[in-house]
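Residues per chain, in single letters:
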Amino acid sequence: MTSFNFSTWPPQLTPEQLEALTLAATTYALSHGLLYLPPSPSNTQPPIPTTAIHAPLSLIPAPFPRAQFHAARELQSVYNVLYARVAMDTKFLDTVMGAEDGVGKADEFTGTLWRGWKGIREHGVLAQPLHLGLFRSDYLLHAAEDRLALKQVEFNTISSSFGPLSERAAAMHRNILASTSYFSASPHLTADNFPENNTTSGLAEGLSKAHEAYGVRDARILFVVQPNERNVFDQRWLEYELLEKHQIHVVRQTLADLAVSASLDPSTHALTITLPFQTNPSLYEISTIYFRASYTPSDFPSPSYYDTRFLLERSRAIKCPSLPLQLAGGKKVQEALTRPGVLERFLSNEGAKWGTRAPDLTAHAASIRATWMGMWALDSEDAEIAAALDRLQASGQGQGHGKVPPGTRLARCKAPSLVLKPQREGGGNNVYRETIPAFLDALPAEEREAWIAMEMIETPRGVSGYLVRASPSNSGTDNGSTEKKVVRAEVISELGIFGYALFGEGEVVEREVGWLVRTKGTESNEGGVAAGFSVLDSVVLV
């Protein structure tokens, strides 16, 4: 275990030093595009923005053990290949996520996406065999006995956001170090403990490789975005990188826009977008579709939105992600991989089942499994779960509840140390600890299959941080000013590792490309910056 004492962090600062650091941080953020659009009372954004606020941020980077940081980055390539293989295993996804045999029976959103994918398969429309994943694997430190272990929170296969803004958060901290030395407040705050972060170029590289594989140089990349998006600058930095470094143009459209603008060539399945510029509409062929929307039911307010999503899936454009890759990111898949032998089957290349040039990764199985907490399905009747319940019953716990499956009964018994997760992305969906029994009481039996139980990651105690938020002024004047608050709070910091994978024909082209840190107060169970639960941060290696 690292000898670093987390409870001593952050170093003490005077009010004058805090004020100076806050000025340095916020002006850097505003000068370098570490920005959000401000909230509005109507939750709408103007077509042409006129104001912006800095993103929520941390003044001093979060301490993270050097060995675990590098281990997480080294594992990303294995995870890239693992989830590429999961997405290519149709039978596995049908069993785990489908609406006939899997979680899609209980979760309508998942079931609708799966049925759309199944319909495309049944009609023989496989216009594009390639898939692109821009992934992020999220971790927390787990204080286990006398050591700190790296434990995975989740693996994201769709709309893995905050890469560009996190790169700028790390650059902000390096700039503050260079300009103030953090007032020599800690010997850990030195340049060699502030790792570089080049996530923007890495994610753009993945998109550019998909564009190149499509083979039409003048085609464009489509960003499918949510209406009234406040986190627009995180997306724009990728757009600028693609244009300036790769000479690739981007088209931004919502699903509602695409219902009007998108069309498929009936013979080639090429996707084209028509944009009404003045009196001369412009027609653009699309090489790659990058989804920053369509990961939550609220993105589909009517069935026609699903029709648009499935039209995109039928196209020859390379999807990031495709429907099978989106389904592969489900929490149920995360749980299924923990079962005996499942991970090993995907990592193995016995019999060249993944191709003659595909690597056999079974040597990494133990390292991958070591990043997982215990988890199981609420509807589980597996012998291992039943045995764990029997042990609790022998000690006087876990009694009764009739025909309730062992997975649900075990979750009730172990509720103080668990989180329940549905098949959702975007934050705000989980059920934690003491709230679990009442939730289970109200959960219909037919919906249990949609949830998994996961042991809580117990993070180091006592570590604090200085958190800075920007919010519209409450002064009653609409002059674009902001009121900034610096709060010292006990915090939890989550590390995310980015990677990309282009796959589907031959070998998997993949790379680990960068990282992020999100820090939240310990009173918050959720970690989503866009959902308002946390701030952007970086690391100081200890």
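Just so it is clear, the structure is predicted and the values come from calculations on it, not from any experiment.

What counts, and at which threshold
- Residues numbered from 1 in each chain as written.
- Predicted model: local features only at pLDDT ≥ 70, side-chain atom pairs only at ≥ 80, totals over all residues.
- Heavy atoms only, no water.
- Helix = DSSP H or I, 4+ residues; strand = E, 2+ residues; numbered from the N terminus.
- Rg over C-alpha atoms; globule rule 2.2 N^0.38 Å.
- Contact = heavy atoms within 4.5 Å.
- Lys, Arg positive; Asp, Glu negative; His and termini not counted.
- Charge placed at Lys NZ, Arg CZ, Asp CG, Glu CD.
- Buried < 20%, exposed > 50% of the residue type's maximum accessible area, 1.4 Å probe, protein only.
- Pairing = 2+ DSSP bridges.
- Salt bridge = Lys/Arg side-chain N within 4 Å of Asp/Glu carboxyl O.
- Expected span 1.5 Å × (residues − 1).
- Polar contact = N/O pair within 3.5 Å; in protein donor to acceptor, adjacent residues only side chain to side chain.
- Core = buried A, V, L, I, M, F, W, Y, C linked by side-chain atoms within 4.5 Å.
- Bend = angle between axes of the 7 residues up to and from the residue.
- Axes fitted to C-alpha atoms, helices over the stretch in contact; angles between N-to-C directions.
- Parallel < 35°, antiparallel > 145°, perpendicular 65-115°, else oblique.
- Left-handed = near helix turned anticlockwise from the far one by under 90°.
- Phe/Tyr/Trp six-rings, centres within 6.5 Å; stacked < 30°, edge-to-face > 60°.
- Lys NZ or Arg CZ within 6 Å of the ring centre and 35° of its normal.

**Observations concerning the overall build of the protein chain**
Inference 1: When you go through the protein chain residue by residue, the secondary structure sums to 16 helices and 21 strands.
Inference 2: On C-alpha atoms alone, the protein chain measures out to a radius of gyration of 24 Å, which is about the 24 Å that the 2.2 N^0.38 rule sets for 542 residues.
Inference 3: Oriented by its inertia axes, the alpha-carbon framework of the protein chain measures out at about 75 × 65 × 50 Å.
Inference 4: Put simply, 72% of the contacts in the protein chain that link residues at least 6 apart link residues at least 24 apart.
Inference 5: Here the protein chain holds 49 positive side-chain charges and 59 negative ones, and the gap between their average locations is 1 Å.

**Overview of unusual backbone geometry**
Inference 1: A cis amide bond, omega 5 degrees, links W9 with the succeeding residue P10.
Inference 2: Locating P10 in the fold gives a position in the segment before α1 (15-31).
Inference 3: For the peptide bond that leads from C320 to P321, omega is 0 degrees, which places it in the cis range.
Inference 4: Inspection of the secondary structure puts P321 in the loop between β12 (318-320) and α10 (323-328).
Inference 5: Despite not being glycine, H269 shows a phi value in the positive range, around 65 degrees.
Inference 6: Relative to the elements of secondary structure, H269 occurs in the loop between β9 (262-264) and β10 (271-275).
Inference 7: Its identity is not glycine, yet S294 carries a phi of approximately 80 degrees, on the positive side.
Inference 8: Here S294 is to be found in the loop between β11 (282-291) and α9 (303-314).
Inference 9: Among the residues examined, S294 registers a relative accessible area of 1% and is labelled buried.

**As for the pairing of β10**
Inference 1: Burial within β10 is extensive, with 4 of its 5 residues counted as buried.
Inference 2: Two strands pair when backbone bridges link them, and β9 and β10 are joined in this way by 3 bridges, in the antiparallel orientation. For L264, the partnering residue across the bridge sits in β10 and is L271.
Inference 3: Counting the residues between successive antiparallel strands, the hairpin from β9 to β10 contains 6 residues, one of them, H269, with a positive phi of roughly 65 degrees.

**A word on the pattern of salt bridges**
Close approach of charged atoms allows side chains with opposite charge to pair.
Inference 1: Enumeration over the complete set of coordinates arrives at 27 salt bridges.
Inference 2: Across the salt bridge formed by E313 and R309, the nearest N and O atoms sit 2.9 Å from each other. One end of the pair, E313, and the other, R309, are both in helix α9, 4 residues apart, so they sit about a helical turn from each other.
Inference 3: Given a relative accessible area of 10%, E313 falls into the buried group.
Inference 4: R309 sits in the buried class, given a relative accessible area of 0%.
Inference 5: Note that R518 and E494 form a salt bridge whose closest N and O atoms lie 2.4 Å from each other. Placement of the pair is R518 in strand β19 (residues 509-521) and E494 in strand β18 (residues 482-503), with a sequence separation of 24 residues.

**A closer look at the pairing of strand β6 (residues 147-156)**
Inference 1: Within β6, 9 of the 10 residues are buried, leaving the element largely enclosed by the surrounding structure.
Inference 2: Relative to β6, strand β5 (residues 131-144) is paired through 9 bridges, and the arrangement is antiparallel. Looking at β6, one finds that A143 is bridged to L148.
Inference 3: Counted between consecutive antiparallel strands, the loop separating β5 from β6 contains 2 residues, among which E145 sits at a positive phi close to 55 degrees.

**Some thoughts on helix α5 (residues 163-180)**
Inference 1: Between the first and last C-alpha of α5 there are 26 Å, a value that for 18 residues agrees with the 26 Å anticipated at 1.5 Å per step.
Inference 2: Within α5, 13 of the 18 residues are buried, which leaves the element mostly enclosed by the surrounding structure.
Inference 3: Once α5 ends, the next one or two residues include S181, with phi positive near 55 degrees.

**As for the side chain of R85**
Inference 1: You can see R85 is positioned in helix α2 (residues 66-88).
Inference 2: Of the buried charged residues, R85 lacks a salt bridge, with D360 as the closest side chain of opposite charge at 6.7 Å.
Inference 3: Within polar-contact distance, the side chain of R85 engages the backbone oxygen of L347 at 3.0 Å.
Inference 4: Once you skip the residues sitting within four places of it in the chain, R85 turns out to touch F346, L347, S348, W354, A358, P359 and L361.

**Some remarks on the nonpolar core**
Inference 1: One finds L222 and L312 to be the most contacted residues of the largest nonpolar core, which totals 160 residues.
Inference 2: Among the elements that take part in this core, α2 stands out by supplying 11 residues, more than any other.
Inference 3: If we skip the residues at most four places from it in the chain, L222 touches V251, Q253, L258, L271, I273, I286, T288, I289, Y290 and L312.
Inference 4: Membership of the second largest hydrophobic core comes to 11 residues, among which are V153, M373, V419 and I452.

**Some words on α2**
Inference 1: The terminal C-alpha atoms of α2 lie 34 Å apart, and with 23 residues this matches the ideal 33 Å at 1.5 Å per residue to within 8%.
Inference 2: At Q76, α2 shows its maximal bend, which comes to roughly 30 degrees.

**Notes on the packing of helix α14 (residues 383-394) against helix α15 (residues 406-413)**
Inference 1: Packing of α14 against α15 brings their axes to within 9 Å, and their N-to-C directions diverge by 45 degrees. Compared by their axis directions, α14 and α15 come out oblique. Regarding α14 and α15, the two cross each other, and that crossing is left-handed. Side by side, α14 and α15 meet where I385, A386, A388, L389, L392 and Q393 of the first sit next to P406, G407, R409, L410 and C413 of the second.

**Describing the packing of aromatic side chains**
Inference 1: Summed over all chains, the structure comprises 15 aromatic pairs.
Inference 2: With 5.9 Å between their ring centres and 85 degrees between their planes, W237 and Y240 make a pair best called edge-to-face. With W237 and Y240 both in helix α7 (residues 232-246) and 3 residues apart, the pair spans about one turn of that helix.
Inference 3: Its relative accessible area of 25% is what places W237 among the partly exposed residues.
Inference 4: Given a relative accessible area of 36%, Y240 falls into the partly exposed group.
Inference 5: Relative to W354, the ring of F346 lies with its centre 6.2 Å away and its plane at 25 degrees, an arrangement referred to as stacked. For the residue pair F346 and W354, the accessibility class agrees, reading buried in each case.
Inference 6: Joined through ring pairs, the aromatic side chains of Y79, Y83, F135 and F155 make up one cluster.
Inference 7: Taking the ring centre of W117 as reference, the NZ or CZ of R121 above it sits at 3.9 Å.

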